[in-house]
Structures are given as C-alpha cells and as structure tokens.
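Coordinate inspection notes
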Amino acid sequence: MKIGKMLITAVALSLFGAVFAGLTCGWLFNWVYKLEPTNVWKPMQGPPGMEFHVGAFLLNIVLVVVYVLLRKGLPGNNRLAKGFVFGLCVWAVGILPGMFATYYFMTVAAGVVVYWTVLGLVEAPLKGLIIAAIYGD
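Residues numbered from 1 in each chain as written. Predicted model: local features only at pLDDT ≥ 70, side-chain atom pairs only at ≥ 80, totals over all residues. Heavy atoms only, no water.

The end-to-end C-alpha separation of helix α2 (residues 50-70) is 30 Å, in line with the 30 Å expected for 21 residues at 1.5 Å each. For α2, the complete set of buried residues consists of N60, L63, V64, Y67 and V68. What you see down the axis of α2 is that its buried residues fit within an arc of 135°, all on one side. Residues of α2 that are exposed and point over 90 degrees away from its buried face: E51, L59 and L69. Against the buried residues of α2 lie α1 (3-28), α3 (79-105) and α4 (110-135). (Helix = DSSP H or I, 4+ residues; strand = E, 2+ residues; numbered from the N terminus. Expected span 1.5 Å × (residues − 1). Buried < 20%, exposed > 50% of the residue type's maximum accessible area, 1.4 Å probe, protein only. Arc of directions from axis to C-beta. Contact = heavy atoms within 4.5 Å.)

So, on to the side chain of T9. Position of T9 relative to the elements: it lies in helix α1. Within the structure, T9 has its side chain in polar contact with the backbone oxygen of K5 (distance 2.6 Å). If sequence neighbours within four positions are ignored, T9 has contacts with V64, I131, I134 and Y135. (Polar contact = N/O pair within 3.5 Å; in protein donor to acceptor, adjacent residues only side chain to side chain.)

Within the structure shown, the criterion is met by 9 aromatic pairs. Seen from their ring centres, Y33 and Y115 are 6.3 Å apart, and the 85° between their planes marks the pair as edge-to-face. Here Y115 lies in helix α4 and Y33 lies in the loop between α1 and α2, a separation of 82 residues in the sequence. Looking at Y115, the relative accessible area reads 10%, which means it is buried. (Phe/Tyr/Trp six-rings, centres within 6.5 Å; stacked < 30°, edge-to-face > 60°.)

Honestly, it's all geometry; don't read function into it.
Set out below in structure tokens:
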C-alpha cells in the first residue's frame, strides 16, 4: 500500500465531500431539512466544525483502504470503471441499508430519506472515481 497516495486521496475526498455537501445540503437542497419533523436536527450556526472534518477525513482513509484492498477484484476495463463500480458497491451495501433502517426506525421525514439515498447514489460513485483517479492501480 502506498500510504502517501492514500493520505492525498483521503484529503481530496474530504475536500470534495465538504464542497459537495455545502452545495447540496447546505444550499441547493437545504429545503429538505425543513420537512417535518424538524426537531430531529441539531441546531447549527454555520457549517460543521473541525471535529466533523477530522472524522470525515479518518472515514475517508478507511474508504481508500477498502478500495485498495478490493480494487483488483472489481469489475471494469480500467481504473475509473473500477472506481465507479466501487462507489456503486459502497452505495448498495452502505447507504441503502442505512436509509432503509433510518426510514423504519427513526423519526425523519421520508423526503429526507429519499434525498439522502439519491444523494448517495451520486456522491458514492464520484468518490470512487476520485479514489481510482488519484490512487491509481
């Protein structure tokens, strides 16, 4: 494993995630968080703090490590195809079950669950592409 490339990739994923979340959840689709019930959200005065970004970075390191371990077994003719498939797999085994459980066991608006599911379907493959592009073969 190339530790330096893994860390650079995790930094790129963290930057992408912050910008993507700011544009989607923080701006374009922030109306979703006004769907009832709204009392489930913690009050926020501005964007998430440094603790959130450190946690996201650590989770992105884990995501890159999983890609590195699985990349040779992923289908695809090139590394970008493999990255895209990896992202779809992350969505299928991570986001879908989580959103299913969220819908059935938590007091969150169904519109929010649908939004997060679709958002993940866009974001996870993009993250897979970023990982594959930066980390390489």
